[in-house]
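Fold and contact review
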Amino acid sequence: MTRVLVVEDDPQLLRALKINLQARKFEVQVASDGAAAVRLAAARPPDVVLLDLGLPDMDGVEVIRSVRGWSRSPILVLSARHTSEEKIRALDAGADDYVTKPFSMDELLARLRAATRRRAEAAADASPAVVDTEDFTVDLAAKKVRRGDLAVRLTPTEWHLLEILISHPGHLVSQRKLLLEVWGPTYSDNTNYLRVYMAQLRRKLEADPSHPRYLITEPGMGYRFEP
Ligand code: CA
């Protein structure tokens, strides 16, 4: 049985989530503030966390940082905040995905299933040496990319970007994280670099670079590798 920790200070929403999750055979623990969430998660690590960002006692992002100190459980953020900055902060702190309120229960459950499935797959195969798509193959250990029989030459910067994205299949990787890891802290605002290098990668890897199948842009947020 998948154990889910639901952290939400709105009692009606908390109750609705609990009823719906229990009906789908989840084991549900609830917390209505950040301190209780951290305490519960530490006492008995959940398989997945549903976390409201706006909590009465602390910022939900602090809860993510705290839990991420010792747990790899997927964290799905419930956010009423519409600015992408809040979502990016949550993703950078270690959240796996987010759902914007108001959400449908079906969407929430689908994302919950996806988050737990990805984590199970990641655990089963921590770092696949070779990522194979219908159009290209990336050998992470050998640092080689092929399209059919042809070797694809990537610059070190292109390779670094691609490596980060394909190491998080299906996950949104924020612009800030990519800029920080590839270019360093001084360049964290240079999103134009990302656009330029992602366009180059698409030209080299995608069958139709203007309609990418694998290297997806999440406007204003970041990029995602869809395997
Ligand atoms: Ca709230």
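Just so it is clear, the structure is predicted and the values come from calculations on it, not from any experiment. (Residues numbered from 1 in each chain as written. Predicted model: local features only at pLDDT ≥ 70, side-chain atom pairs only at ≥ 80, totals over all residues. Heavy atoms only, no water.)

Things to note about the coordination of the calcium ion
- For the calcium ion, the full set of protein donor atoms is D9 (OD), D52 (OD) and G54 (O), and the range of their distances to it is 2.2 to 2.3 Å.
- Counting the intervening residues between successive donors of the calcium ion yields the motif D-x42-D-x1-G. (Donors = N, O, S within 2.8 Å, 3.2 Å for Na, K, Ca; no water.)

Points about the sheet that holds strand β6 (residues 130-132)
- Taken together, 4 strands build an open sheet; the order of strands is β6-β7-β8-β9 and the sheet is antiparallel. The open sheet is flanked by β6 and β9 (150-152), the only strands paired with a single partner. With direction set aside, neighbouring strand axes in the sheet form an average angle of 25°.
- Pairing geometry for strand β7 (residues 137-139) and strand β8 (residues 144-147), over 3 bridges, is antiparallel. (Pairing = 2+ DSSP bridges. Helix = DSSP H or I, 4+ residues; strand = E, 2+ residues; numbered from the N terminus. Axes fitted to C-alpha atoms, helices over the stretch in contact; angles between N-to-C directions.)

Considerations on the packing of helix α3 (residues 60-68) against helix α4 (residues 84-93)
- For the pair α3 and α4, interaxial distance at closest approach is 9 Å and the crossing angle is 10°. When the interaxial angle is binned, α3 and α4 end up roughly parallel. Every residue of α4 that contacts α3 at V61, I64, R65 and R68 is listed here: R89, A90 and A93.
- A breakdown of the residues in the contact of α3 with α4 according to their chemical character gives 4 nonpolar, no polar and 3 charged. (Parallel < 35°, antiparallel > 145°, perpendicular 65-115°, else oblique. Contact = heavy atoms within 4.5 Å. Nonpolar A, V, L, I, M, F, W, Y, C, P; charged D, E, K, R; others polar.)

Some remarks on the side chain of R202
- Here R202 lies in helix α8 (residues 191-205).
- Apart from the residues within four sequence positions on either side, R202 is in contact with P209, P212, L215, I216, T217 and Y223.

Focus on unusual backbone geometry
- Across the junction of K101 and P102, the peptide omega takes the value -5°, indicating a cis bond.
- Checked against the element boundaries, P102 lands in the loop between β5 (97-100) and α5 (105-124).
- Residues other than glycine seldom take positive phi values, yet K25 does so here, at roughly 70°.
- In this fold, K25 is placed in the loop between α1 (11-23) and β2 (27-31).
- Phi at K143 is positive, roughly 55°, even though this residue is not glycine.
- Relative to the assigned elements, K143 resides in the loop between β7 and β8.
- Among the residues examined, K143 registers a relative accessible area of 49% and is labelled partly exposed. (Buried < 20%, exposed > 50% of the residue type's maximum accessible area, 1.4 Å probe, protein only.)

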